[in-house]
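Chain residues, written in single-letter form:
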Amino acid sequence: MKLLLFDQNLSPRLVSCLADIYPGSVHLDGIGLATTPDREVWDYARQHDYIIVTKDADVVLCDLNPLVATEQAGIRPVVILQYAIMS
């Protein structure tokens, strides 16, 4: 199972709210990366096999690994999470 890495622009409470179905997921605050540049967050996610969940449209999308869930095209992260949970 993939782990979720919640970006700074999302509530840290998502970690505990989704702990039953996404155990081991983290928020940037919880791992000391709250002020880390996007590229370093991307690298961290790749190294630790996380899916980045963010509302930022400016996140680096030049690589498809790790998978990034964004608000691009009007899709909100919560919608993506609902899809992932149901599939």
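Summary of the structure given here. Predicted, not measured: the structure shown is a model, and the values here were computed from it.

Considering the environment of I21
- Of note, I21 is situated in the loop between α1 (13–17) and β2 (26–27).
- Distance in space between the C-alpha atoms of I21 and L3 is 10.0 Å, their sequence separation being 18 residues.

Regarding unusual backbone geometry
- Of note in this structure, D49 is not a glycine but carries a positive phi near 60 degrees.
- Considering the arrangement of structural elements, one finds D49 in the loop between α2 (38–48) and β3 (50–53).

Digging into α2
- Turning to α2, its buried residues are V41, W42 and A45. The buried residues of α2 occupy an angular sector of 105 degrees when the element is viewed end-on, so they sit on one face.
- Count one or two residues on from α2 and you reach D49, which has phi positive near 60 degrees.

Conventions used here
- Residues numbered from 1 in each chain as written.
- Predicted model: local features only at pLDDT ≥ 70, side-chain atom pairs only at ≥ 80, totals over all residues.
- Heavy atoms only, no water.
- Helix = DSSP H or I, 4+ residues; strand = E, 2+ residues; numbered from the N terminus.
- Buried < 20%, exposed > 50% of the residue type's maximum accessible area, 1.4 Å probe, protein only.
- Arc of directions from axis to C-beta.

Bear in mind that shape data such as this cannot, by itself, settle questions of function.
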